[in-house]
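# Reading the structure
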Amino acid sequence: MENNCIFCKIIAGEIPSYCVYEDEDFKAILDVNPSARGHVIILPKKHAADIFELSDEYVSKVMIVAKKIAKAVKEAYHCDGINILQNNGEAAGQTVFHLHVHVIPRFEGDTKTINIGWKPMETPEDMAAVVEEIRSHL
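This report concerns the structure included in the present document. Quantities reported herein were computed from a predicted structural model and do not represent experimental measurements.

About the cut-offs
Residues numbered from 1 in each chain as written. Predicted model: local features only at pLDDT ≥ 70, side-chain atom pairs only at ≥ 80, totals over all residues. Heavy atoms only, no water. Pairing = 2+ DSSP bridges. Helix = DSSP H or I, 4+ residues; strand = E, 2+ residues; numbered from the N terminus. Axes fitted to C-alpha atoms, helices over the stretch in contact; angles between N-to-C directions. Polar contact = N/O pair within 3.5 Å; in protein donor to acceptor, adjacent residues only side chain to side chain. Contact = heavy atoms within 4.5 Å. Core = buried A, V, L, I, M, F, W, Y, C linked by side-chain atoms within 4.5 Å. Buried < 20%, exposed > 50% of the residue type's maximum accessible area, 1.4 Å probe, protein only. Patch = residues over 30% accessible without salt bridge, like charges linked within 9 Å, V, L, I, M, F, W, Y side chains within 5 Å. Areas by Shrake-Rupley, 256 points an atom, 1.4 Å probe, with all protein chains shown as cover. Salt bridge = Lys/Arg side-chain N within 4 Å of Asp/Glu carboxyl O. Lys, Arg positive; Asp, Glu negative; His and termini not counted. Charge placed at Lys NZ, Arg CZ, Asp CG, Glu CD. Expected span 1.5 Å × (residues − 1). Arc of directions from axis to C-beta.

Turning to the sheet that holds strand E4 (residues 81–85), a few remarks are in order. Here we have five strands laid out as an open sheet, ordered E1-E2-E3-E5-E4, and antiparallel in their pairing. Sheet topology places strand E1 (19–22) and E4 at the edges, where each strand pairs with a single neighbour. The mean inter-strand angle of the sheet, taken between neighbouring strand axes irrespective of direction, is 15°. Across three bridges, the pairing between E1 and strand E2 (residues 26–30) is antiparallel. When the bridges of E2 are listed, Tyr-21 appears paired with Ala-28.

Right, dumping it as structure tokens:
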């Protein structure tokens, strides 16, 4: 537990939250600044600033929980889709530096209130070089 981490304090029960799921490794709570009704965030009980600080095993467990929560949210709200989102670093939109996974219900036409998207860019002419740049680090 990190002393100044708001999510560690929520996990420890020092700050109240609306918990929808909990097991020995994770606590899933309603986001206090939701993008949509039913927006849940999954918090690992083990503090890690981002995905790079967790073992592969722990990261795979969080995706199993995300699937379970997404299924429950889909059944509860009959939404048209679900975003499962996880940000790493300030440049990627991370604002709390305790890894967390967002599960956000989505509905047709909700892009006026929720804007998670990508603008297409030109395809790099050197795609083979891009492949090698990434592969060389795997």
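Looking now at the side chain of Asp-25. On the secondary structure map, Asp-25 appears in the loop between E1 and E2. Within the local environment of Asp-25, its side chain forms a polar contact with the side chain of Lys-61, the two groups lying 3.1 Å apart. In contact with Asp-25, other than residues within four places in its own chain, are Leu-43, Pro-44, Lys-45, Tyr-58 and Lys-61.

Examined against the element boundaries, Asp-110 turns out to sit in the loop between strand E5 (101–106) and helix H3 (127–135). Within polar-contact distance, the side chain of Asp-110 engages the side chain of Arg-106 at 2.8 Å.

All right, on to the nonpolar core then. When a protein is soluble and globular, its nonpolar side chains tend to lie buried together. Ranked by internal contacts, the top residues of the largest apolar core, which has 17 residues, are Phe-26, Ala-28, Val-40, Ile-42, Val-65, Ile-69 and Val-103. A per-element tally of this core places helix H2 (residues 56–77) first, with seven residues. When neighbours within four sequence positions are excluded, Val-65 is seen to be in contact with Tyr-21, Asp-23, Phe-26 and Ile-42. Counting eight residues, the second-largest nonpolar core is a separate cluster that includes Cys-5, Cys-8, Ile-10 and Ile-11.

With that out of the way, let us pick up unusual backbone geometry. Unlike most non-glycine residues, His-78 shows phi in positive territory, near 50°. Relative to the assigned elements, His-78 resides in the loop between H2 and E4.

What follows covers the environment of Arg-37. Along the chain, Arg-37 turns up in the loop between E2 and strand E3 (40–44). A residue is classified by how much of its surface remains accessible, and Arg-37, at 67% relative accessible area, is exposed. Between the C-alpha atoms of Arg-37 and Ala-129, which are 92 residues apart in sequence, the distance is 43 Å. Non-local contacts of Arg-37, meaning those with residues more than four positions away in its chain, are made with Tyr-77 and Pro-105.

Moving on: a negative patch on the surface. A cluster of like negative charges, contributed by Glu-122, Glu-125, Asp-126 and Glu-133, occupies part of the molecular surface. Turning to its location among the elements, Glu-125 is positioned in the loop between E5 and H3. Using a relative accessible area of 86% as the deciding quantity, one classes Glu-125 as exposed.

Bringing H2 into the picture now. Look at H2: 31 Å from first C-alpha to last across 22 residues, which is about the 32 Å you get at 1.5 Å a residue. Looking at H2, one finds that the buried residues are Tyr-58, Val-62, Val-65, Ala-66, Ile-69, Ala-70 and Val-73. Within H2, the buried residues cover an arc of 145° as seen down the axis, which keeps them to one side. Turned more than 90 degrees from where H2 packs its buried face, Asp-56, Glu-57, Ile-64, Lys-67, Lys-71 and Glu-75 sit exposed. Following H2 by one or two positions, His-78 adopts a phi angle in the positive range, close to 50°.

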